[in-house]
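Residue strings, one per chain:
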Amino acid sequence: IARHIAMLAPKELELMPEDESKAKAAAYIFDVGNEQPVSMLNPLTNWFSAEESASKVGGILPDVMKTLVAVSDDLPEDKPFFGGDKPHYGDFGLFHYIDILRTLDDQEYRKLGDKWAAWYASMANLPGVKELLLSRPKAGTGEVGRPGSRVHTMPLDDFRAKPGQ
């Protein structure tokens with residue numbers, strides 16, 4: 001669905017790059033989040049019970065981190081987004097999972113370093129994204145996630161109140 005929406009979006013948004021090699025790069029970044037091991041962040045946070053998540057996360061996070069470190073080379077040194085000056089749909093897709101990583105294990109997220117923190121801040125401060133992050137239900141309030149899940153039940157630090165940190 002995200003790819004389809006990106007293709008329908010106005011060309012000036014550059015969500016779907018017209019250049020074939022850039023379109024392949026956007027697809028790759030999008031797929032990183034939608035394939036294992038990174039895709040497991042979502043059920044670990046939102047679906048499995050808090051207890052089951054705690055028992056599984058240690059076995060999955062090392063592979064998630066290894067995958068994300070490998071993707072670091074695709075993040076331009078001199079541009080804020082994987083897509084360059086503007087985020088493409090791959091940036092938005094992966095942002096979802098990095099945001100989940102911050103919720104699930106902020107210390108692991110911080111190990112990704114300054115390059116990822118700068119990318120996250122650029123994404124989190126985009127118009128619309130910033131407002132969403134500030135207004136959505138917070139982890140640990142019981143307003144988000146499957147009842148009994150980690151994000152639903154566990155008191156987590158509310159670092160989301162400040163997008164981009």
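Residues numbered from 1 in each chain as written. Predicted model: local features only at pLDDT ≥ 70, side-chain atom pairs only at ≥ 80, totals over all residues. Heavy atoms only, no water.

Student: Which residues make up the packing of aromatic side chains, and what values go with them?
Tutor: Across all of its chains, the model carries seven aromatic pairs by this definition. Summarising the aromatic geometry, the rings of Trp116 and Trp119 are spaced 5.4 Å apart at their centres and angled 80° between planes, so their arrangement reads as edge-to-face. In this pair, Trp116 and Trp119 both sit in helix α7 (residues 114-124), three residues apart, roughly one turn of the helix. This pair shows no difference in class: Trp116 is buried, exactly as Trp119 is. Across from the ring centre of Tyr109, 5.4 Å away, lies the NZ or CZ of Arg102, which sits over that ring. (Phe/Tyr/Trp six-rings, centres within 6.5 Å; stacked < 30°, edge-to-face > 60°. Helix = DSSP H or I, 4+ residues; strand = E, 2+ residues; numbered from the N terminus. Buried < 20%, exposed > 50% of the residue type's maximum accessible area, 1.4 Å probe, protein only. Lys NZ or Arg CZ within 6 Å of the ring centre and 35° of its normal.)

Student: Explain unusual backbone geometry residue by residue, including any values.
Tutor: Pro37 follows Gln36 through a cis peptide bond whose omega is 10°. Along the chain, Pro37 turns up in the loop between α2 (20-34) and α3 (41-46).

Student: I'd love a proper account of the nonpolar core, names of residues and values included.
Tutor: Within the largest apolar cluster, 34 residues are counted, with the highest numbers of intra-cluster contacts made by Leu41, Leu68, Leu94, Trp116 and Trp119. Where this core is concerned, the elements lending two or more residues are α2, α3, α4 (50-71), α5 (89-104), α7 and α8 (129-135). Residues in contact with Leu68, not counting those within four places in the same chain, are Val32, Val38, Leu94, Ile98, Leu101, Leu112 and Trp116. Counting nine residues, the second-largest nonpolar core is a separate cluster that includes Ala6, Met16, Phe30 and Tyr89. (Core = buried A, V, L, I, M, F, W, Y, C linked by side-chain atoms within 4.5 Å. Contact = heavy atoms within 4.5 Å.)

Student: Describe α7, listing the residues and the values that go with them.
Tutor: Residues of α7 that are buried include every one of Trp116, Trp119, Tyr120, Ala121, Met123 and Ala124, and no others. Where α7 is buried, its residues contact α4, α5, α6 (106-111) and α8.

By themselves, these are just geometric observations and shouldn't be taken as functional.
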